[in-house]
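Chain by chain, the residues run as shown.
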Amino acid sequence: AQSVTQLDSQVPVFEEAPVELRCNYSSSVSVYLFWYVQYPNQGLQLLLKYLSGSTLVKGINGFEAEFNKSQTSFHLRKPSVHISDTAEYFCAVTSRSGGYQKVTFGIGTKLQVIP
Amino acid sequence: SQTIHQWPATLVQPVGSPLSLECTVEGTSNPNLYWYRQAAGRGLQLLFYSVGIGQISSEVPQNLSASRPQDRQFILSSKKLLLSDSGFYLCATGQPISYEQYFGPGTRLTVT
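Because the structure is a prediction, the values reported are computed rather than measured.

What counts and how
Residues numbered from 1 in each chain as written. Chains lettered and ligands numbered in written order. Predicted model: local features only at pLDDT ≥ 70, side-chain atom pairs only at ≥ 80, totals over all residues. Heavy atoms only, no water. Helix = DSSP H or I, 4+ residues; strand = E, 2+ residues; numbered from the N terminus. Rg over C-alpha atoms; globule rule 2.2 N^0.38 Å. Buried < 20%, exposed > 50% of the residue type's maximum accessible area, 1.4 Å probe, protein only. Core = buried A, V, L, I, M, F, W, Y, C linked by side-chain atoms within 4.5 Å. Contact = heavy atoms within 4.5 Å. Pairing = 2+ DSSP bridges. Axes fitted to C-alpha atoms, helices over the stretch in contact; angles between N-to-C directions. Disulfide = S-S within 2.5 Å. Buried area = accessible area lost by both parts, 1.4 Å probe. Salt bridge = Lys/Arg side-chain N within 4 Å of Asp/Glu carboxyl O. Polar contact = N/O pair within 3.5 Å; in protein donor to acceptor, adjacent residues only side chain to side chain. Nonpolar A, V, L, I, M, F, W, Y, C, P; charged D, E, K, R; others polar. Phe/Tyr/Trp six-rings, centres within 6.5 Å; stacked < 30°, edge-to-face > 60°.

What to know about the overall build of chain B
Line of reasoning, step 1. Along its length, chain B carries zero helices and eleven strands.
Line of reasoning, step 2. Reading chain B from its N terminus to its C terminus gives the helix and strand order β-β-β-β-β-β-β-β-β-β-β.
Line of reasoning, step 3. Taken over C-alpha atoms, the radius of gyration comes to 13 Å for chain B, in line with the 13 Å a tight globule of 112 residues would show.
Line of reasoning, step 4. Principal-axis analysis of the C-alpha atoms gives chain B an extent of 40 × 25 × 25 Å.
Line of reasoning, step 5. Counting over 112 residues, chain B shows a buried share of 50%.

As structure tokens, then:
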């Protein structure tokens, strides 16, 4: 079984300030880790992913995340947010089960950037 | 690159009416396909997934069903809608090597 916990349902932050969105996961097997972004009334888009290798991964729009295996975390960070970053962010884990990819999403964190 | 089409974009249906939502995929073959529902404050709930034509697995018991009549077509159906079926329905594919998911634009369903 696998699960994802996003500790903050909403995060308000002032424009140009740094932000961290937290994600913790649990799994009995190896997983791959993802962050997706969803703008209002749209589907989800991939921000970044960790499959293997360097634990610090960089994604689109200046976001980055660090995989910490000992703490089972994959927190998302951006050093300076912009108004256009206002959206909902989802952390997800994926594992393989036969020919099927089992995907589990967190409940999402709404990032509100304040001008 | 692949493209996922969903229609309709929005739908308002009365309780007890039938439902058919369609998802088609371009730019890939034999994809893993997924139906998710997103309700306010509840994140993404996986409803169905399919690894091939005619192969459907359900994650959550409900009054919804899914079918995959063609390799790149995935349909979500109901014979009688409930108020609790309201939500934003998303179709997605799973990539075999990168493990990421591509999402369609979604269908907003309101059951009245």
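Here we look at the nonpolar core
Line of reasoning, step 1. Within the largest apolar cluster, 28 residues are counted, with the highest numbers of intra-cluster contacts made by Leu33, Trp35, Leu47, Leu48, Phe74, Leu76 and Tyr89 of chain A.
Line of reasoning, step 2. Put simply, the parts of the chain that give this core at least two residues each are β2 (10-14), β3 (19-21), β5 (32-38), β6 (44-50), β8 (64-68), β9 (73-78), β10 (87-97) and β12 (109-114) of chain A.
Line of reasoning, step 3. The contacts of Tyr89 of chain A, once residues within four sequence positions are left out, are Gln6, Leu21, Trp35, Tyr36, Val37, Leu47, Phe63, Leu76, Gly108, Thr109 and Leu111 of chain A.
Line of reasoning, step 4. Residues Cys23, Val25, Trp35 and Phe48 of chain B belong to the second largest nonpolar core, which totals 19 residues.

Observations concerning the sheet that holds strand β8 (residues 73-78) of chain B
Residues and elements named next belong to chain B.
Line of reasoning, step 1. Pairing is antiparallel in the open sheet, where four strands are placed in the order β1-β3-β8-β7. Taken across any chain shown, the strands that pair with only one partner, and hence form the sheet edges, are β1 (3-7) and β7 (64-70). On average, each strand axis in the sheet is tilted by 20 degrees relative to the strand beside it, whichever way the strands run.

Focus: the state of the cysteines
All names here are of chain B.
Line of reasoning, step 1. Scanning the model with the defined rule gives two disulfides over all chains in all.
Line of reasoning, step 2. Note that Cys23 is cross-linked by a disulfide to Cys91, the S-S spacing being 2.0 Å. Here the disulfide of Cys23 and Cys91 is left-handed, its torsion about the S-S bond being about -65 degrees. Placement of Cys23 in strand β3 (residues 19-26) and of Cys91 in strand β9 (residues 87-94) is noted, with a sequence separation of 68 residues between them.

Notes on the interface of chain A and chain B
Line of reasoning, step 1. The partner chain B presents 24 residues to the 23 residues of chain A that form the contact.
Line of reasoning, step 2. Buried area between chain A and chain B, both sides added, is near 1800 Å², and the carbon and sulfur share of it is 53%.
Line of reasoning, step 3. The interface formed by chain A and chain B contains one salt bridge.
Line of reasoning, step 4. The partner of Lys49 of chain A in a salt bridge is Glu100 of chain B, and the shortest N-O contact between them spans 2.7 Å.
Line of reasoning, step 5. Counting every contact that joins chain A to chain B gives six residue pairs in polar contact (both at pLDDT 80 or more).
Line of reasoning, step 6. Elements represented by at least two residues in the side of chain A that touches chain B include exactly β5, β6, β10 and β11 (100-105) of chain A.
Line of reasoning, step 7. Considering only residue class, the side of chain A that touches chain B consists of eleven nonpolar, eight polar and four charged.

Details of the packing of aromatic side chains
Residue and element names in this part refer to chain A.
Line of reasoning, step 1. Taken as a whole and judged by the stated rule, the model has twelve aromatic pairs over all chains.
Line of reasoning, step 2. For the ring pair Tyr36 and Phe105, a centre distance of 5.7 Å and an interplane angle of 50 degrees mean the geometry is tilted. Note that Tyr36 is positioned in strand β5 and Phe105 in strand β11, a separation of 69 residues in sequence.
Line of reasoning, step 3. Judged by its relative accessible area of 1%, Tyr36 is buried.
Line of reasoning, step 4. Relative to Phe67, the ring of Tyr50 has its centre 4.5 Å away and its plane inclined at 25 degrees; by these criteria the two rings are stacked. Pair noted here: Tyr50 is in strand β6 and Phe67 is in strand β8, with a separation of 17 residues, a long-range link. Note on accessibility: Tyr50 and Phe67 belong to one class, buried.

Fair warning: the whole summary comes from geometry, so function is off the table for now.
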